[in-house]
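So you can see what is in the structure, the chains are spelled out below.
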Amino acid sequence: MLSIDITHRQGDFTLECAFDSDARVTGLFGPSGAGKSSLLRIIAGLVRPDRGRIELAGRCVFDSARRLQVPAHKRRIGYVFQRARLFAHLNVRHNLGYGAWFAREKPGRARFEQVVDMLDIGPLLDRRVTGLSGGEQQRVAIGRALLSNPAVLLLDEPLASLDVARRQEVLPYIERLSAQSELPIVFVSHQLDELLRLANRRVVAVRDGRVTFSGPTAEFLARPSLLGAEQARDAGVLLRGEVVTHLPEHGLSELTCGAQSLYVPHVAHPAGAAITLHVRARDVMLARQRPTDISALNVLEARIESLVADGDYAVNVHMQVGEQALEARITQRSAEALALAPGQTIHAVIKSLALAEQAWERLGSI
Ligand SMILES: Nc1ncnc2c1ncn2[C@@H]1O[C@H](COP(=O)(O)OP(=O)(O)OP(=O)(O)O)[C@@H](O)[C@H]1O
């Protein structure tokens, strides 16, 4: 889908990035100033790198060794920026039409309607864009990019300019887009929760212009050192479960995880749906005996695989629950008090509410 190997110097900042991704959604993660937007501009052909090679959806668009440089307008890139950048003097319909105007193969009426339906922007078509909320504007910007019939869609922190409520309003549309379309997407974010929801298979992490990680999202999540100080507290695992039933009287849903039950705050997916939970290592307690009379609803029997000291006082305990990995981050003191060792059977205790506001997603597998 995507193969990059470039070097580019801009002022004092050098971008030196090489990675491949065959995932349909590739998450580009990194702190502010890491070089994410610069990399997208290079992929889009808006900036010419000093050297290297770029392949997009099976097509080489830049190769300094061969002096090949496909111009931006011929790369078939859909680009959505942090701010919608719509044309204020045009209404929504004409802004969308502007995207189609650039398409090599013009989208037909059916495609137009499909995009409008997917983004729920039908009622907005005749409105002026200046009167739209930030979330509505971003949905129109995504529609405009899709109607340019791109081969690759680049989303550069499309939620960054929105407040929390608007973010939650737009996120499901991007989720729908990534679930329903075959289009390769590069999604840039410095928010881990967004990344887990949208790019749950493949992450490329960038810091100071260099790639620090490129691989499965689950592997990335398990390595706090890669997440940066701000998000290290979110380190953990992605755990797959299947919805068994809903318990509306308690606002809960019951899942199975292997042969074990797991209770989570109500999820909107039907019985039988496979979903993914982000379980933070710091939210997992361990008990040698199965605890009784405790408020936590989830007690999973697990097997300890390894204990890895993290700093002077903390230990990361890697476990298996059936076929899946689980991780607990506990104090060194607790690990000693419980005499934890690889091979032991242990009980992992997780509060249901620790699994709220999560990366729920319907997925076949990770
Ligand atoms: N045209 C330019 N000339 C010189 N330096 C630049 C130019 N554009 C960006 N930079 C520098 O390159 C570095 C990376 O910037 P970039 O915008 O790519 O980061 P980012 O990861 O997208 O950050 P953010 O999340 O804040 O958007 C920054 O130090 C920035 O100041």
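Since the model is a prediction, treat every value here as computed from it, not as a measurement.

(A) Examining the sheet that holds strand β16 (residues 284–287) more closely. The strand order across the open sheet formed by 5 strands is β16-β20-β17-β18-β19, and the pairing between neighbours is antiparallel. Strand pairing shows two members of the sheet lacking a second neighbour, β16 and β19 (324–331), which therefore form its edges. Mean inter-strand twist for the sheet, computed between neighbouring axes without regard to direction, equals 45°. Pairing analysis gives 4 bridges linking β16 to strand β20 (residues 345–350), with the strands arranged antiparallel.

(B) Examining helix α1 (residues 36–44) more closely. Judged by how many residues are buried, α1 sits mostly within the fold: 7 of 9 residues are covered. Turning to α1, its buried residues number three or more, namely Lys36, Ser38, Leu39, Leu40, Ile42, Ile43 and Ala44. Phi turns positive, to about 90°, at Gly45, one or two residues after α1.

(C) Spatial organisation of the environment of Leu177. Mapped onto the fold, Leu177 is located in helix α5 (residues 164–180). The exposure class of Leu177 is buried, given the 21 C-beta atoms found within 10 Å. Along the primary structure Leu177 and Val115 are separated by 62 residues, whereas in three dimensions their C-alpha atoms are 9.3 Å apart. Sequence-distant contacts of Leu177, that is, excluding residues within four places in its chain, are made with Met118 and Ile142.

(D) Broad picture of the sheet that holds strand β12 (residues 236–247). Read across the open sheet, the 4 strands follow the order β14-β13-β12-β15; overall the sheet is antiparallel. Every interior strand has two partners, whereas the edge strands, β14 (260–265) and β15 (274–280), have only one. Looking at each pair of strands side by side, their axes are set apart by 45° on average, direction ignored. Sheet analysis places β12 next to strand β13 (residues 252–257), joined by 5 bridges and oriented antiparallel. By the bridge assignment, Thr245 is partnered in β13 with Glu254.

(E) Summary view of the pairing of strand β9 (residues 185–189). Among the 5 residues of β9, 5 are classified as buried, and the element is accordingly described as predominantly covered. The side-chain alternation of β9 yields two buried faces, one formed by Ile185, Phe187 and Ser189 and the other by Val186 and Val188. Pairing between strand β3 (residues 25–29) and β9: 5 bridges, direction parallel. Note that in β9 the partner of Leu28 across the bridge is Val188. The pairing of strand β8 (residues 152–156) with β9 spans 4 bridges and is classified as parallel. Within β9, the residue paired with Asp156 across the bridge is Val188. Assessed by its sense of winding, the connection that carries the chain from β8 through α5 to β9 is right-handed.

Cut-offs used in this document
Residues numbered from 1 in each chain as written. Predicted model: local features only at pLDDT ≥ 70, side-chain atom pairs only at ≥ 80, totals over all residues. Pairing = 2+ DSSP bridges. Helix = DSSP H or I, 4+ residues; strand = E, 2+ residues; numbered from the N terminus. Axes fitted to C-alpha atoms, helices over the stretch in contact; angles between N-to-C directions. Buried ≥ 20, exposed ≤ 12 C-beta atoms within 10 Å, placed from the backbone. Contact = placed C-beta atoms within 7 Å. Right-handed = clockwise from strand over helix to strand, strands pointing away.

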